Amino acid sequence: MTVLPYLVAGWIFLIGVYGLVTSRDLIHAVGCLAVTQTSTYVLLLAVGYRNGGTAPVFADAPTDSRVVDPVVQALTLTDIVVGATVTALLLALVVQLRKRHGTVDPDALSELKG
């Protein structure tokens, strides 16, 4: 087992967090949040990978063959769907903010400060 997928997942996560921290635009922040979430896809796929593993859905597979864990694959697909939904919802909120306040700069939204 190699450590490369875990390093790639960490690198993607750090790039997304850096973009979130340095973002001066809400649309850019939503995009960086989506990039940050893609690191979880890589991490889940790295956890569920088995070298030489086959799909567990074949009935004619020998009982001693190595199979891939289907739960991790299902979690990855669920993560993708939830990520797309959250990104769409956040972008819709940014569009509404732009319509009501005329800007997507977080510092210019003084009405939202508590």
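So, here is what we can say about the structure in this document. Quick caveat, the model's predicted, so the values are computed rather than measured. (Residues numbered from 1 in each chain as written. Predicted model: local features only at pLDDT ≥ 70, side-chain atom pairs only at ≥ 80, totals over all residues. Heavy atoms only, no water.)

## Structural notes on the overall build of the protein chain
1) Next: Along its length, the protein chain carries three helices and zero strands.
2) Next: In sequence order, the secondary structure elements of the protein chain are arranged as α-α-α.
3) Next: Computed over the C-alpha atoms, the radius of gyration of the protein chain is 20 Å, more than 25% above the 13 Å expected from 2.2 N^0.38 for a compact globule of 114 residues.
4) Next: Projected onto its principal axes, the C-alpha coordinates of the protein chain cover approximately 65 × 30 × 20 Å.
5) Next: Looking at the protein chain as a whole, 21% of its 114 residues are labelled buried.
6) Next: Counted over contacts in the protein chain with a minimum sequence separation of 6, partners at least 24 positions apart contribute 53%.
7) Next: Only carbon and sulfur atoms are counted for the fraction: they give 70% of the accessible area of the protein chain, which is about 8,000 Å². (Helix = DSSP H or I, 4+ residues; strand = E, 2+ residues; numbered from the N terminus. Rg over C-alpha atoms; globule rule 2.2 N^0.38 Å. Buried < 20%, exposed > 50% of the residue type's maximum accessible area, 1.4 Å probe, protein only. Contact = heavy atoms within 4.5 Å. Areas by Shrake-Rupley, 256 points an atom, 1.4 Å probe, with all protein chains shown as cover.)

## Here's the deal with helix 1 (residues 4-22)
1) Next: Along its 19 residues, helix 1 runs 27 Å from first to last C-alpha, staying within 8% of the 27 Å computed at 1.5 Å per residue.
2) Next: All buried positions along helix 1 are accounted for by Ala9, Ile12, Gly16 and Gly19. The buried residues of helix 1 all sit within an arc of 95° when viewed along its axis, so they share a single face. Residues of helix 1 that are exposed and point over 90 degrees away from its buried face: Leu4, Leu7, Trp11, Leu14, Tyr18 and Val21.
3) Next: The elements touched by buried residues of helix 1 are helix 2 (26-48). (Expected span 1.5 Å × (residues − 1). Arc of directions from axis to C-beta.)

## Observations concerning the environment of leucine 90
1) Next: In this structure, leucine 90 sits in helix 3 (residues 70-101).
2) Next: Classification of leucine 90 as partly exposed rests on a relative accessible area of 27%.
3) Next: For the pair leucine 90 and glycine 31, spaced 59 residues apart in sequence, the C-alpha separation works out to 9.8 Å.
4) Next: Not counting the four nearest positions on each side in its chain, leucine 90 is found in contact with Val30 and Leu33.

## Re the side chain of serine 23
1) Next: For serine 23, the location among the structural elements is in the loop between helix 1 and helix 2.
2) Next: Within the structure, serine 23 has its side chain in polar contact with the side chain of histidine 28 (distance 3.3 Å).
3) Next: A distance of 3.3 Å separates a polar side-chain atom of serine 23 from the backbone nitrogen of alanine 29.
4) Next: Once residues lying within four places of it in the same chain are set aside, the contact partners of serine 23 are His28 and Ala29. (Polar contact = N/O pair within 3.5 Å; in protein donor to acceptor, adjacent residues only side chain to side chain.)

## Some details on a nonpolar patch on the surface
1) Next: Together, Leu20, Val21, Leu33, Val82 and Val86 line one region of the surface with nonpolar side chains, adding up to about 380 Å² of accessible area.
2) Next: Listing elements by their share of the nonpolar patch, those giving two or more residues are helix 1 and helix 3. (Patch = residues over 30% accessible without salt bridge, like charges linked within 9 Å, V, L, I, M, F, W, Y side chains within 5 Å. Salt bridge = Lys/Arg side-chain N within 4 Å of Asp/Glu carboxyl O.)

## Here we look at the side chain of serine 39
1) Next: Note on placement: serine 39 falls in helix 2.
2) Next: Excluding residues that lie within four positions of it along the chain, serine 39 makes contacts with Ala9, Ile12 and Phe13.

## Here's the deal with the pattern of salt bridges
1) Next: Following the criterion strictly, the structure yields two salt bridges and no others.
2) Next: For arginine 24, the salt bridge identified is with aspartate 105, shortest N-O distance 3.9 Å. Of this pair, arginine 24 sits in the loop between helix 1 and helix 2 while aspartate 105 sits in the segment after helix 3; the two residues are 81 residues apart in sequence, bridging distant segments of the chain.
3) Next: The partly exposed category is assigned to arginine 24, whose relative accessible area is 47%.
4) Next: The partner of arginine 24 in a salt bridge is aspartate 107, and the shortest N-O contact between them spans 2.3 Å. In this pair, arginine 24 sits in the loop between helix 1 and helix 2 while aspartate 107 sits in the segment after helix 3, placing the two residues 83 residues apart along the sequence.
5) Next: By relative accessible area, which is 51% here, aspartate 107 ends up exposed.
6) Next: Because the salt bridges share partners, they merge into one network encompassing Arg24, Asp105 and Asp107.

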